[in-house]
Each structure stands twice: as structure tokens, then as C-alpha cells.
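Read off the chains here:
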Amino acid sequence: MIYQLDLPVDVPAHSHSDAQGCAQSLAAGVAEALREAIDTHGYASLVVSGGRSPLNFFASLAAQPLNWSRVVVSLADERWVAPGDAVSNETLVRAHLLQGPAAAARFIGVYQPGATLEEAAELADTALAELPQPIDVLVLGMGEDGHTASLFPGSPLLAAALNPDCPRRCLPMQAPDEPRDRLTLTAPLLKAARLQLLVIAGEAKVDTLRRALAGNDPLEMPIRAFLHYPLEIHWSP
Ligand SMILES: O=C(O)[C@H](O)[C@@H](O)[C@H](O)[C@H](O)COP(=O)(O)O
């Protein structure tokens, strides 16, 4: 358990001795879940987050034996910057996950061009109709403010994105830091995932989890919308 957090009983928490061990353990577990999905329904959908935390995990997962041609990969969110940009999540996934055998996976990007962020979000919403649902494996990160994906506190459409009846797969969001313009998958799509993994590193994020667990309002800390079954938390120093 992570510092004996008072987690809901149906939220297992795994503490790993170091980041590499966490990445390797997660990669093995995710690969097994993807293999099971392929065996069960012929394909597997994997949705990952960006940021810096998942890079070791991506490299470990790419090395896992898997029929990657049956895997569809997408993103929980994206910065509204063109693929290839250094801060694009698509750039990270293509550079660190879709390498070697894993390059055979089908990637559905979230970035879309457009005259406005809202127009791009509408195009992304349409493109995400191609993502097999429910998502088989969802890998979330978390910021120290309690955001996850690009569900940021204070973002104008946060309540809409967290609404269980939200009709959209993707909505435009505003982050507090550059690049502020973001595209996020919405809570109904994310929370329907069969396996949901929250991957966090460092003590500051344990403190964030403590704050999240001490309150109820997901508008204040959007991660609160996910802290229940079928979430698993994986933490490393
Ligand atoms: O686009 C992004 O940045 C991610 O999707 C975001 O939700 C990330 O998971 C958290 O901000 C944690 O980021 P770190 O792993 O870099 O701390």
C-alpha cells in the first residue's frame, strides 16, 4: 500500500521499489490484459496518457510479446500542437511505444487541425468513433493539482466532460500551463474502460492523492471521478 492511504476498499494500490520496476511490472500486466482482450474479442484497445511518467512504461510495453497488429492505441488527451512537436503526446507515443513490433499497432491520434480548438475537438470527437469501446486498458497519469488526462480544475468545459451523460468523446480544455489548449477524452469514455491504471511517481503525488481522498468534488480535483473500481493505483518513488 502507498503509505497506508485510506483508499476505497475496491481500489488496489501497488507500491514499487523504483520507477523501472514499476514500468516493467505494469508492462507485463498490461500486455497480459491486451492478450486476453485479443483472445476474447479479437482486438484490444489501449489508451495511454502523456507527460513524463509513462516513458519507461512505454519502452517496456513495446518489448512485450503481443500480436500488435490486433491492438488499437490512442491517447487520453493531447496538447493542441501538431504531431512531431516536442510536447505532443503523439510524438511521445510514436517515439517510445510504437517502436519495433509495436509499430504494427493501429494508432488513432487525438490531435486534429482546425481554425479553433473547438473545431479541432469536434473533429477529434468524430475520429474517436473508430476507437473500439469500451476501452480495454486505460493508463492515466495525474498532476499535482489532481488533474488527469486533460481534465483540469477550472477549465470551462470540465463539468460537461465529467458529466456521466456527456454525449461527446472529446472536448476542448484549458490547462494552467503551456500549451494551454488541450483536447481530452471525456469521463464517460474513460470511466467505461475495463481496466483502469493510475500511474504516479513521487511523494508529492501521494500528497495529491491524500487531498483527493479527503474531499468529494471532482470539479476541484478531477482525479476524484476515477478513485473507485475498476481503478488500480501504481506508485513508485
Ligand atoms: O498531457 C499530459 O500531460 C498528460 O496526459 C497528463 O494528464 C499527465 O498524465 C499528468 O500531467 C502527469 O504528468 P507527468 O507524468 O509528467 O507528471
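Residues numbered from 1 in each chain as written. Predicted model: local features only at pLDDT ≥ 70, side-chain atom pairs only at ≥ 80, totals over all residues. Heavy atoms only, no water.

A. Spatial organisation of the packing of helix α1 (residues 19–41) against helix α2 (residues 55–62). Packing of α1 against α2 brings their axes to within 8 Å, and their N-to-C directions diverge by 45°. With respect to their mutual orientation, α1 and α2 come out oblique. Crossing angle aside, the handedness with which α1 passes α2 is right-handed. Of the residues in α2, those touching α1 at Ala19, Gln20, Ala23, Gln24, Leu26, Ala27, Val30 and Ala31 are Asn56, Phe57, Ser60 and Leu61. (Axes fitted to C-alpha atoms, helices over the stretch in contact; angles between N-to-C directions. Helix = DSSP H or I, 4+ residues; strand = E, 2+ residues; numbered from the N terminus. Parallel < 35°, antiparallel > 145°, perpendicular 65-115°, else oblique. Left-handed = near helix turned anticlockwise from the far one by under 90°. Contact = heavy atoms within 4.5 Å.)

B. View of the site of the ligand. Residues in close proximity to the ligand total 15 residues, the closest being Ser53, Asp77, Arg79, Ala149 and Lys205. Here an oxygen atom of the ligand and a side-chain polar atom of histidine 147 are 2.7 Å apart. For the ligand, an oxygen atom lies 2.5 Å from a polar atom in the side chain of lysine 205. Its free accessible area being 410 Å², the ligand has 86% of it covered by the protein chains. In the shell around the ligand, the residues fall into two nonpolar, eight polar and five charged. (Near = heavy atom within 4 Å. Polar contact = N/O pair within 3.5 Å; in protein donor to acceptor, adjacent residues only side chain to side chain. Areas by Shrake-Rupley, 256 points an atom, 1.4 Å probe, with all protein chains shown as cover. Nonpolar A, V, L, I, M, F, W, Y, C, P; charged D, E, K, R; others polar.)

C. Layout of the packing of aromatic side chains. All chains considered together, the criterion is met by one aromatic pair. A centroid spacing of 6.0 Å and a plane angle of 45° characterise the contact between phenylalanine 57 and phenylalanine 58, whose relative ring orientation is tilted. Residue phenylalanine 57 is classed as buried on the basis of its relative accessible area of 3%. (Phe/Tyr/Trp six-rings, centres within 6.5 Å; stacked < 30°, edge-to-face > 60°. Buried < 20%, exposed > 50% of the residue type's maximum accessible area, 1.4 Å probe, protein only.)

D. The arrangement of the nonpolar core in detail. Counting residues in hydrophobic clusters, the biggest one holds 82 residues, and the most contacted among them are Leu46, Phe57, Leu97, Leu198 and Ile233. No other element matches α1, which puts 10 residues into this core. Beyond its immediate stretch of four places on either side in the chain, leucine 97 contacts Leu46, Phe58, Leu61, Ala62, Trp68, Val73, Leu92 and Ala102. (Core = buried A, V, L, I, M, F, W, Y, C linked by side-chain atoms within 4.5 Å.)

E. Structural detail: the UniProt feature "domain: Glucosamine/galactosamine-6-phosphate isomerase" (unreviewed entry) in the chain. In the numbering used here, UniProt assigns the feature "domain: Glucosamine/galactosamine-6-phosphate isomerase" (unreviewed entry) to residues 18–227. Helix and strand shares over residues 18–227 are 34% and 18% respectively, and the end C-alpha atoms of the span are 23 Å apart. (UniProt positions renumbered as here; feature names shortened; annotations may be inferred.)

F. How the structure looks around the packing of α2 against helix α3 (residues 89–96). Axis separation between α2 and α3 bottoms out at 9 Å; the angle between their running directions is 40°. In terms of their interaxial angle, α2 and α3 are classed as oblique. Our pair here, α2 against α3, has a crossing hand that is right-handed. Residues Leu55, Phe58, Ala59 and Ala62 of α2 touch α3, and the partners they reach there are Leu92, Val93 and His96. Grouping the amino acids of the contact of α2 with α3 by side-chain chemistry returns six nonpolar, one polar and no charged.

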